Amino acid sequence: MSALLTLRDVSKSFASGTQALAGVDLEVAEGEFLSLVGPSGCGKSTVLRLIAGLIAPSGGTVSFTPSKPETAFVFQDPTLMPWANVLVNARLALDLEGVDLGEAEARAAEALTRVGLSGFERAFPRELSGGMKMRVSIARAIAAKPKLLLMDEPFAALDEPARQSLNDDLLALWREDGMTIVFVTHSVYESAYLSTRVAVMRARPGRVVEEIVLTPPAARNESYRLTPEFSAAAGRISASLKGKAA
Amino acid sequence: MNALLKYALPFALGIAVLVAWQVAVRAAQLPVYLLPAPSDIWAAFTSDFASLMASLWATLSVTLAAFALAVLIGVSLAILFSQSRMVENALYPYAVVLQVTPVVAIAPLILIWVGYDRIELALILIAFLVAFFPILSNTTLGLKSADHNLIDLFRLYGASRWQILRRLQLPSALPYLLGAMKIAGGLALIGAVVAEFVAGSGTATGLAWRIVEAGNRLEIARLFACLGLLAALGIAIFAALSALEYALLHKWHESALKKQA
């Protein structure tokens, strides 16, 4: 698979003097599910925001091949517009691109169906549970059919059942749409379950210390979490986080 | 039951106070120029109904015009501030100066500049000066309070400044604006009353001037009738703005959520 984007010797320091990243080299291949794992303060989120173009690197380059693809971002908070109903929220990217209303509504409704929220189009965010709000946030992200989906600890605030069911739904969306996902998490198990590759990061200064390629079965479900393969993958990531050889 | 009690209780209290007032005034045989009984006030109100309504309308029209101007200019300036930090830094201190200077002190100047032949306009300007600052400062705050992650998301999707303003900043500012409007509505009425007091004799025809006039003539019952009308006007403005707030926010905003018992 070819590289979709490349970070070369990327560093980032903030005005406060904090050195968030130093010498980060990272390639993201088209179609992969890459997780960035590391302790808080290791610059995982900063990498994501650099890729999104929301902030500029202090040094080094972020380049895309051939050019920056259609990108969507999912935050840890659902960050929905509280004054707009679910359908209008899901339509956001399409509205901003100037897609005509009828088509935007149809595509947003389809995205909502795919995340299991058909029937909730007219509901307002405050009427939904945390897990459902996150589903709206994901529907908003996939409605515009992005090639690159950036997710910043999207499920960290959810309870375990909601988290696992969203993990499975996200994998299904990833397989069906063939998008590239860069997923930030601090959960070893989540990264082991979801990813085809894990980049382990460490703090002070933030950098990538190891990249681990995983070969999970294409179809995963709850029983995969009980297999030796899953334990081995989680063990490797965990060991790398602690700085020991696996 | 609870809803009934919520409205019945203050209403019953009001009736009780009126009855006690009536009985006390009659029992003590207070002269009407000191403290008129409710029945005297009602008599003054009905006998003078047409001219009091004309005065009410004069004060109401000044209040509404000043309020509309305050919303229009306050929101426009706040939008301008949100688009240009330089403009905000340059203008905001002067808006504050305008706010902290007691407007009664500026009123004579405005009356001279605008002129007594255009007294209505002068009254509107004075009331506007009293009402406009909460709109400006609250809307400015509201426009800045848009969720930063949402702003990032809008930028990621290539939104223009206009799209960010219309689809994100203005809706975020709406609860702030509506809160400010409730304050500014009351202030516009106060401003109109102050303006009439300052404008003084002859040209002014509003309720405030009628109060001054009634006071000078010791027509205390009519003074009370005017006061009652002003209070009713203030309540009506507040109720209308509260209804507007409910209509625009109840579907989505936290402030309109019913508390779970």
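Bear in mind the structure is a predicted one, so any value in this text is a computation, not a measurement.

1. Things to note about the overall build of chain A
Part 1 of the argument: Along its length, chain A carries 8 helices and 9 strands.
Part 2 of the argument: Taken against the 2.2 N^0.38 rule, which gives 18 Å for 246 residues, the C-alpha radius of gyration of chain A at 18 Å falls within 12% of a compact globule.
Part 3 of the argument: Here the C-alpha coordinates of chain A stretch approximately 50 × 45 × 35 Å along the principal axes.

2. Let's talk about the interface of chain B and chain A
Part 1 of the argument: In this complex, chain B contributes 16 residues to the contact, which on the side of chain A involves 15 residues.
Part 2 of the argument: Broken down by secondary-structure element, the contributors of at least two residues to the side of chain B that touches chain A are helix 7 (148-156) and helix 8 (161-199) of chain B.
Part 3 of the argument: Here the side of chain B that touches chain A gets 7 residues from one element, more than from any other, and that element is helix 7 of chain B.
Part 4 of the argument: Residues of the side of chain B that touches chain A, tallied by class, amount to 8 nonpolar, 4 polar and 4 charged.

3. Quick word on the domain arrangement of chain A
Residue and element names in this part refer to chain A.
Part 1 of the argument: Each assigned domain of chain A is listed here: domain 1 (3-69 + 147-242) and domain 2 (80-145).
Part 2 of the argument: Look at where the C-alpha atoms of domain 1 and domain 2 centre, and you get two points 25 Å apart.
Part 3 of the argument: Contacts between the two partners involve 10 residues from domain 1 and, on the opposite side, 9 residues from domain 2.
Part 4 of the argument: Top contributing element to the side of domain 1 that touches domain 2 by residue count: helix 6 (residues 160-177), with 5 residues.
Part 5 of the argument: Residue composition of the side of domain 1 that touches domain 2, grouped by class: 8 nonpolar, no polar and 2 charged.

4. Focus on the pairing of strand 3 (residues 33-37) of chain A
All names here are of chain A.
Part 1 of the argument: With 5 of 5 residues buried, strand 3 lies mostly within the body of the structure.
Part 2 of the argument: Burial along strand 3 is two-sided: Phe33, Ser35 and Val37 and Leu34 and Leu36, pointing in opposite directions, are all buried.
Part 3 of the argument: Bridge count between strand 3 and strand 7 (residues 180-185): 5 bridges; the pairing is parallel. Bridged to serine 35 within strand 7 is phenylalanine 183.
Part 4 of the argument: The pairing of strand 3 with strand 8 (residues 197-202) spans 4 bridges and is classified as parallel. Considered in strand 8, the bridge of leucine 36 is made with alanine 199.

5. What about helix 8 (residues 228-242) of chain A?
Residue and element names in this part refer to chain A.
Part 1 of the argument: For helix 8, with 15 residues, the first-to-last C-alpha span of 21 Å sits near the 21 Å given by 1.5 Å per residue.
Part 2 of the argument: Residues of helix 8 that are buried: Ala233, Ile237, Ser240 and Leu241. Projected onto a plane normal to the axis of helix 8, the buried residues spread over an arc of 110° and lie on a single side. For helix 8, the exposed residues lying more than 90 degrees away from the buried face are Pro228 and Lys242.

6. Some words on the packing of helix 3 (residues 49-83) of chain B against helix 10 (residues 220-249) of chain B
Residues and elements named next belong to chain B.
Part 1 of the argument: Running from N to C, helix 3 and helix 10 point in directions that differ by 40°, and their axes come no closer than 11 Å. By the angle between their directions, the pair helix 3 and helix 10 is classed as oblique. Where helix 3 crosses over helix 10, the two elements pack in a sense that is right-handed. In contact with Leu52, Leu56, Thr59 and Leu60 of helix 3, helix 10 contributes Ala225, Cys226, Leu229 and Leu233.
Part 2 of the argument: Tallied by class, residues from the contact of helix 3 with helix 10 come to 7 nonpolar, 1 polar and no charged.

7. Re the sheet that holds strand 9 (residues 207-213) of chain A
Residue and element names in this part refer to chain A.
Part 1 of the argument: Reading across from one edge, 5-6-7-3-8-9 is the order of the 6 strands in this open sheet, with mixed pairing throughout. Each edge of the sheet is formed by a strand with only one pairing partner; in this case those strands are strand 5 (71-74) and strand 9. If you compare each strand with its neighbour and ignore which way they point, the axes differ by 15° on average.
Part 2 of the argument: Judged from the 4 bridges that link them, strand 5 and strand 6 (residues 148-152) form a sheet pairing that is parallel. Across the sheet, residue threonine 71 finds its bridge partner in strand 6, namely leucine 148.

8. Examining the domain arrangement of chain B
Accessible area lost upon the coming together of the parts is a frequently used measure of interface size.
Part 1 of the argument: What the domain assignment lists for chain B is domain 1 (1-28) and domain 2 (48-250).
Part 2 of the argument: Each of domain 1 of chain B and domain 2 of chain B has a C-alpha centre, and these two points are 33 Å apart.

9. As for the pairing of strand 6 of chain A
Residues and elements named next belong to chain A.
Part 1 of the argument: Most of strand 6 is tucked away: 5 of the 5 residues are buried.
Part 2 of the argument: Residues of strand 6 alternate between two faces, with Leu148, Leu150 and Asp152 on one and Leu149 and Met151 on the opposite face, all of them buried.
Part 3 of the argument: Bridge count for strand 6 against strand 7 is 5 bridges, and the pairing is parallel. Considered in strand 7, the bridge of methionine 151 is made with phenylalanine 183.
Part 4 of the argument: In this region the chain leaves strand 6, passes through helix 6 and returns to the parallel neighbour strand 7; the handedness of that crossover is right-handed.

10. Examining helix 8 of chain B
All names here are of chain B.
Part 1 of the argument: With 39 residues, helix 8 extends only 45 Å from end C-alpha to end C-alpha; this falls clearly short of the ideal 57 Å at 1.5 Å per step.
Part 2 of the argument: Along its length, helix 8 shows its largest kink, about 40°, at leucine 174, and proline proline 175 lies within four residues downstream of that point.
Part 3 of the argument: Positive backbone phi, approximately 75°, marks glycine 200, located one or two places after helix 8.

11. Considerations on the packing of helix 8 of chain B against helix 9 (residues 207-216) of chain B
Residues and elements named next belong to chain B.
Part 1 of the argument: Where helix 8 contacts helix 9, the axes come no closer than 7 Å and their chain directions differ by 50°. Considering the angle they form, helix 8 stands oblique to helix 9. As for the relative orientation of helix 8 and helix 9, their crossing is right-handed in sense. Taking contact as the criterion, the partners of Val193, Glu196 and Phe197 in helix 8 are, on helix 9, Ala208, Trp209 and Val212.
Part 2 of the argument: Class assignment for the residues of the contact of helix 8 with helix 9 results in 5 nonpolar, no polar and 1 charged.

Thresholds applied
- Residues numbered from 1 in each chain as written.
- Chains lettered and ligands numbered in written order.
- Predicted model: local features only at pLDDT ≥ 70, side-chain atom pairs only at ≥ 80, totals over all residues.
- Helix = DSSP H or I, 4+ residues; strand = E, 2+ residues; numbered from the N terminus.
- Rg over C-alpha atoms; globule rule 2.2 N^0.38 Å.
- Contact = placed C-beta atoms within 7 Å.
- Nonpolar A, V, L, I, M, F, W, Y, C, P; charged D, E, K, R; others polar.
- Domains from an automatic or database assignment.
- Buried ≥ 20, exposed ≤ 12 C-beta atoms within 10 Å, placed from the backbone.
- Pairing = 2+ DSSP bridges.
- Expected span 1.5 Å × (residues − 1).
- Arc of directions from axis to C-beta.
- Axes fitted to C-alpha atoms, helices over the stretch in contact; angles between N-to-C directions.
- Parallel < 35°, antiparallel > 145°, perpendicular 65-115°, else oblique.
- Left-handed = near helix turned anticlockwise from the far one by under 90°.
- Right-handed = clockwise from strand over helix to strand, strands pointing away.
- Bend = angle between axes of the 7 residues up to and from the residue.

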